[in-house]
Amino acid sequence: MIDSKEVEVPAGTTILDAAKSVQIKIPTLCHHPDLPPTAACGICIVKAGGRMVRSCCTPVAEGMEVVTRDPDIIEARRTVLKLTLSKHPNECLTCLKNETCELRKLSADFGIRDTEFANITPTKEEMPEDDSTKSIVLDPRKCILCGRCVEVCQNVQNVWALSMLKRGISTHISPAADSKLADSPCIKCGQCTAHCPTGALTERDDTQYVWSLLQDPEKYCVVQIAPAVRVAVGEAFGYKPGEVTTGKIYAALRRLGFNAVFDTNFGADVTIMEEGSEFIERFVNGKGALPLITSCCPAWVDYMEKYYGDMIPHFSSCKSPHEIVGALAKTYYADKVNVPAEKMRVISIMPCTAKKFEILRSEEMFSSGFQDVDVSLTTRELARMIKQAGIDFKNFIQYKESKGSGISVTYDAVINEDAIIPIFNAVASFGFLISTTSPSFLISPSSGSYKPNKIDINVDFPAPFSPHNAKISPSLSCKFIPSLAFKLPNFLVIPNISIKYLSSILFEIPTISCFTMLTGFRNSVAINISRNHASSRN
């Protein structure tokens, strides 16, 4: 029973989750659905069996009677909030998270207007901010010791950049030995900022610098948006999570004053072609280590460099999509619009805090002769700029959306898969050697679709090939493919197939004969001939 309501839940369910199943909301501060409970804050206390317990970590039991609200519980929660606020700076109006701070919201919900406890928050001189990474800002004065950042950093990301140091009232969050974040294993992934309930961990705010660029008549400002931004920024304006607002984003960026709006989809298309070409060089010509690992995510690259240095030869040499757009903007595009590259500024809108680190990480990020991408803003920063500009985003005009392979990155994050598909399409359509270590694609050169565990090649040659006199020999060389299907055109085709492990082949033959050479098999293969015309010969 929870508040006199009968509840039936699976064994092991916590009181907190059981209460949610009957629409009873128990307030929490340290709890996060992505993470295991730490029971650090004490806000979620309830009475079970006459004693107070923390609902986030206490499992229900048969016959348990739970009370989630009474005068004692409410007063205890108010006291916990007051004690938390006694070691928290009163800087809500200027805090970057003032709109989303969970501590501020709970204090408002419980009507905390004053506290009888003295404020013992350290001064900025005693506990300064750490912005050494130029990406993540740690303000330990605003930390409430919920432990979320430590949990996600250590046990989800396996980075171990953050931990709780010291004991008692001196406990605080910091890298080991109170070192700077830049000197820690931090990969700037931003998961700590996404899980922090207060302003203790945030992305570095570069919006004022971007405003200064937009207001400078000598600067030509180019902006690009990543695929994921189109389905994320709407949440800040009341849209459902995942709702696409691409056209409104384009229009809002022009209203903000940007001279040109690009879509990182184009950069993703270039990345796909570059990684695909590099894959062919490595696999077919043996020029490089395999497997090929994408280098699109700077946090991923940083993680591999710090923890798995032996994998560095497997990295793709290709830049990330937004860096490609930045380099092209300051070279090819600058020439087309007759704007000197030194006057052009490229701003990226990315879903990732690590991009702020990436734009300065090495000399390769200055390939245009200047910094290729000058500023990287997060989705949250873009939302703040739109609000500052007084744009009614929900009722705003909408521009036409662009298309590109990068769209699939929004949903799948499969850059390397997208790189493989054009390779198959380009090679299979014109009869060259197909080479791959991955069997998990269905390739149809005419449509580009794919499904697991099968390769489907439609040999369909355009003009000037004649259906009566052409002799084309497409070749296929793979290692592990459960099923292969050839749909042959109306002329003589001799596919040369060399596959080590294959369970079945289907040939759909039209009106002309088909001659096939099968070699290299190391197991038995079922071969099926399907004739779709009465005069077919096999």
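Our subject is the structure that appears above.
Thresholds, definitions, all that
Residues numbered from 1 in each chain as written. Predicted model: local features only at pLDDT ≥ 70, side-chain atom pairs only at ≥ 80, totals over all residues. Heavy atoms only, no water. Axes fitted to C-alpha atoms, helices over the stretch in contact; angles between N-to-C directions. Helix = DSSP H or I, 4+ residues; strand = E, 2+ residues; numbered from the N terminus. Parallel < 35°, antiparallel > 145°, perpendicular 65-115°, else oblique. Left-handed = near helix turned anticlockwise from the far one by under 90°. Contact = heavy atoms within 4.5 Å. Nonpolar A, V, L, I, M, F, W, Y, C, P; charged D, E, K, R; others polar. Buried < 20%, exposed > 50% of the residue type's maximum accessible area, 1.4 Å probe, protein only. Arc of directions from axis to C-beta. Pairing = 2+ DSSP bridges. Bend = angle between axes of the 7 residues up to and from the residue. Core = buried A, V, L, I, M, F, W, Y, C linked by side-chain atoms within 4.5 Å. Salt bridge = Lys/Arg side-chain N within 4 Å of Asp/Glu carboxyl O.

**Q** Run through the packing of helix α6 (residues 207–214) against helix α12 (residues 379–388), naming residues and quoting values.
**A** In the contact formed by α6 and α12, the axes pass within 10 Å of each other and the chain directions differ by 55°. Between α6 and α12, the angle falls in the class oblique. The chirality of how α6 crosses α12 is right-handed. Across the interface between the two elements, T207, Q208, V210, W211 and L214 from α6 touch E381, M385 and Q388 from α12. Of the residues belonging to the contact of α6 with α12, the class tally is 4 nonpolar, 3 polar and 1 charged.

**Q** Before we move on, could you go through α6 and cite the residues and values that matter?
**A** Those residues of α6 not exposed but buried are T207, V210, W211, L213 and L214. Looking straight down α6, one finds that the buried residues subtend no more than 160° of arc, so they occupy a single side. Summarising the contacts, the buried residues of α6 are in contact with β8 (220–225), α7 (246–256), β10 (344–350), β11 (375–378) and α12.

**Q** A description of the packing of helix α2 (residues 71–85) against helix α3 (residues 102–109) should follow, citing residues and the corresponding values.
**A** The interhelical angle for the contact between α2 and α3, taken along N-to-C directions, is 135°, at an axis separation of 11 Å. Looking at the two axes, α2 sits oblique to α3. The two elements α2 and α3 cross, and the hand of that crossing is left-handed. Note on element contacts: α3 touches α2 through L103, L106 and S107, opposite L81, T84 and L85. Tallied by class, residues from the contact of α2 with α3 come to 4 nonpolar, 2 polar and no charged.

**Q** Pulling in residues and values, what's your account of the environment of E129?
**A** Within the secondary structure, E129 is located in the loop between α3 and β4 (136–138). When the C-alpha positions of E129 and A200 are compared, they lie 9.2 Å apart, and in sequence the two are 71 residues distant. For E129, the residues in contact, after removing those within four places along its chain, are V137, L138, D139 and K180.

**Q** Let's hear about unusual backbone geometry: which residues, and what values?
**A** With an omega dihedral of 0°, the bond running from L290 to P291 counts as a cis peptide bond. Structurally, the position occupied by P291 is in the loop between α8 (264–285) and α9 (298–307). A positive phi angle, near 60°, is found at K134, a position not held by glycine. Examined against the element boundaries, K134 turns out to sit in the loop between α3 and β4. For K166, which is not glycine, the phi dihedral falls at a positive 65°. Along the chain, K166 falls in the loop between β5 (163–165) and β6 (172–174).

**Q** Provide a residue-level description of the sheet that holds β8, including the pertinent values.
**A** With respect to topology, 4 strands assemble into an open sheet ordered β9-β8-β10-β11, the strand pairing being parallel. Each of the sheet's edge strands pairs with one partner strand only, and the pair in question is β9 (260–263) and β11. In this sheet, adjacent strand axes meet at a mean angle of 25° when their direction is disregarded. Pairing of β8 with β10, which is carried by 6 bridges, proceeds in the parallel orientation. Following the sheet pairing, Q224 is matched in β10 by S348. Where α12 meets the sheet, its contacts fall on β10 and β11, and the angle it forms with β11 comes to roughly 85°.

**Q** Go over helix α10 (residues 321–336) with me, naming the residues and quoting the values.
**A** The sharpest bend along α10 comes to roughly 45°, located at A329. Every buried residue of α10 is listed here: P321, H322, E323, I324, V325, G326, A327, A329, K330, Y333 and A334. Of the surrounding elements, those touching the buried residues of α10 are β8, β9, α8, β10 and α11 (354–358). Looking one or two places after α10, you find N338, whose phi comes out positive at around 60°.

**Q** Help me get a handle on the nonpolar core, residues and values and all.
**A** Formed by 31 residues in total, the largest nonpolar core has its most connected members in F258, I347 and L382. Looking at this core, the elements that each hand over two or more residues are α6, β8, α7, β10, β11 and α12. A per-element tally of this core places α7 first, with 6 residues. Each residue touching L382, except ones within four places of it in the same chain, is listed here: V229, V233, I249, L253, L256 and I349. Ranked by size, the runner-up nonpolar core spans 21 residues in total, among them V159, C186, I187 and A354.

**Q** So what's going on with the pattern of salt bridges? Residues and values would help.
**A** Enumeration over the complete set of coordinates arrives at 26 salt bridges. A salt bridge links R141 to E91; the shortest N-O distance between them is 3.0 Å. With R141 in the loop between β4 and α4 (148–156) and E91 in the loop between α2 and α3, the pair connects residues that are 50 residues apart, well separated along the chain. R141 gets classed as buried once you look at its relative accessible area, which sits at 7%. Close ionic contact of K355 with E358 constitutes a salt bridge, the shortest N to O distance being 3.7 Å. Here E358 and K355 lie together in helix α11, a separation of 3 residues that amounts to about one turn. Considered together, K355 and E358 belong to a single accessibility category, that of buried residues.

**Q** Any chance you could break down the side chain of H31 for me, citing the residues and the numbers?
**A** Inspection of the secondary structure puts H31 in the loop between α1 (15–20) and β1 (45–48). In this view, H31 contacts L16, K20, C56 and R148; residues no more than four positions away in its chain are not counted.

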